[in-house]
Amino acid sequence: GWTRYSSTDEGFAITLPESWRRINIESEEVMLQGLRAIDPDLADSMGERLRTQLGGAMRFFALDSASLRGTAMAANINVLLQAIDAPASLETIMSQAVRGLQSIDSINGEIKSDMVELKSGDAGLLTYKLMVSAADGSAVPTVIRQYIVLADGKLLVITLGVAEDRAEEYSAIFDDIASRFELLQ
């Protein structure tokens, strides 16, 4: 079974497999409590990265609690939402995003950029590998998929990530999650 999470205030809904757990991100402490409830080491390994996004545009965060066994990086999703002041095309935003990603030292290899069709309409898809610090200080190669959606003067970035050694296992799941993403009226 899948669970649908909707945020009418933010204008989107996301549907996730039953093993995935939404983490309340209303405040840093609430978020860390949610992570600790799933796995005490999780707050240490993911807390710092999420902390930097809390004050900004992050509107949703969830992870696959089943993915925690035997890995330093849980499969996860976050949704960022940002108002856009000036009109811009999806192609322009994708080009800017690629340029921004190219300046990040921890990105390894090629940044792939494609246009895709989601249930919500046209979207951009960025795929790349990023080195992420684990709780033990090791660097975990992580595969990132970012779907970029424009809607009514808003930019939504849906980011799915998983440790590279589990990327093949999660590929179809990520496709399914993205295909179920909805914009709400």
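Summary of the structure given here. Here the structure is a predicted model, which is why all the values come from computation and not from measurement.

Attention now goes to the overall build of the protein. A tally of regular secondary structure across the protein gives 4 helices and 10 strands. Counting from the amino terminus, helix and strand elements in the protein follow one another as β-β-β-α-α-β-β-α-β-β-β-β-α-β. Burial statistics for the protein: of 185 residues in total, 45% are counted as buried. Across the protein, the fraction of contacts at a sequence separation of at least 24, relative to all contacts at a separation of at least 6, is 53%. Approximately 9,300 Å² of the protein is accessible, and the part contributed by carbon and sulfur atoms is 46%.

Our focus in this paragraph is the nonpolar core. With 28 residues, the main nonpolar core has Ile14, Leu16, Trp20, Phe60 and Ile77 as its most contacted residues. Within the residue set of this core, elements represented by two or more residues are strand S2 (12-17), strand S4 (58-64), strand S5 (76-83), strand S7 (121-133), strand S8 (139-151), strand S9 (154-163) and helix H4 (167-179). With 5 residues, H4 is the largest single contributor of residues to this core. Counting 19 residues, the second-largest nonpolar core is a separate cluster that includes Leu101, Ile107, Leu126 and Ala134.

Here we come to the sheet that holds S9. Two modes of strand pairing occur in sheets, parallel and antiparallel, and in both the strands are linked by backbone hydrogen bonds. Here we have 7 strands laid out as an open sheet, ordered S3-S4-S5-S9-S8-S7-S6, and antiparallel in their pairing. Edge positions in the sheet fall to strand S3 (20-22) and strand S6 (107-118), since each has one partner strand and no second. Shown here is a sheet whose adjacent strand axes are inclined to one another by a mean of 20°, direction ignored. Where S3 lies against S4, 3 bridges are found, and the strand directions are antiparallel. Along S4, the bridge assignment pairs Trp20 with Asp64.

Here the focus is the packing of aromatic side chains. Enumeration over the complete set of coordinates arrives at 4 aromatic pairs. Taking 5.7 Å as the distance between ring centres and 55° as the angle between the ring planes, the aromatic pair formed by Tyr5 and Phe60 counts as tilted. Residue Tyr5 is found in strand S1 (residues 2-7), and its partner Phe60 is found in strand S4; the two are separated by 55 residues along the sequence. Here Tyr5 and Phe60 have matching classes, each one buried.

The subject of this paragraph is the pattern of salt bridges. If you walk through the whole model with that rule in mind, you get 6 salt bridges. Note that Glu169 and Arg166 form a salt bridge whose closest N and O atoms lie 2.8 Å from each other. Looking at Glu169, the relative accessible area reads 46%, which means it is partly exposed. Residue class for Arg166 comes out buried when judged on its relative accessible area of 15%.

Taken in spatial order, the 3 strands of this open sheet run S1-S2-S10, and their pairing is antiparallel. Strand pairing shows two members of the sheet lacking a second neighbour, S1 and strand S10 (182-183), which therefore form its edges. Bridge analysis of S2 against S10 gives 2 bridges, and the strand direction is antiparallel. Each bridged residue has a counterpart across the sheet, and for Ala13 the counterpart in S10 is Glu182. Where H4 meets the sheet, it contacts S1 and S2, and its direction lies at approximately 150° from that of S2.

With 9 bridges joining them, S6 and S7 adopt antiparallel strand pairing. Residue pairing across strands places Asp114 opposite Leu125, the latter belonging to S7. Joining the antiparallel neighbours S6 and S7 is a turn of 2 residues.

Reading guide: rules and limits
Once a new chain begins, its residue numbering starts again from 1 and follows that chain's sequence as written. In keeping with the predicted nature of the model, local features appear solely for residues at pLDDT of at least 70, side-chain atom pairs appear and are counted solely at 80 or more, and the whole-chain, interface and lining totals rest on all residues. Excluding hydrogens and water, the side-chain values take into account all heavy atoms of the structure. Secondary structure elements are defined from DSSP: runs of H or I of at least 4 residues count as helices, runs of E of at least 2 residues count as strands, and each element is numbered from the N terminus. A 1.4 Å probe rolled over the protein chains alone gives each residue an accessible area, and that area as a share of the maximum for its type sets the label: buried under 20%, exposed over 50%, partly exposed in between. Working rule for contacts: check all heavy atoms of both residues, and any pair within 4.5 Å makes them a contact. The protein chains shown are the only cover counted for residues, whose accessible areas, like all others here, come from Shrake-Rupley with a 1.4 Å probe. Joining through side-chain atoms within 4.5 Å is the link that ties buried Ala, Val, Leu, Ile, Met, Phe, Trp, Tyr and Cys residues into a set, and such a set is a nonpolar core. Pairs of strands are assigned from DSSP output, requiring at least two bridges between the strands. Interaxial angles span 0 to 180 degrees and are taken between N-to-C directions of axes, which are lines fitted to C-alpha atoms, for helices over the stretch in contact. Here the aromatic set is Phe, Tyr and Trp, taking the six-membered ring for Trp, and pairing holds for ring centres within 6.5 Å; pairs whose planes are under 30 degrees apart are stacked, those over 60 apart are edge-to-face, and all others are tilted. A side-chain nitrogen of Lys or Arg and a carboxyl oxygen of Asp or Glu constitute a salt bridge if their distance falls within 4 Å.

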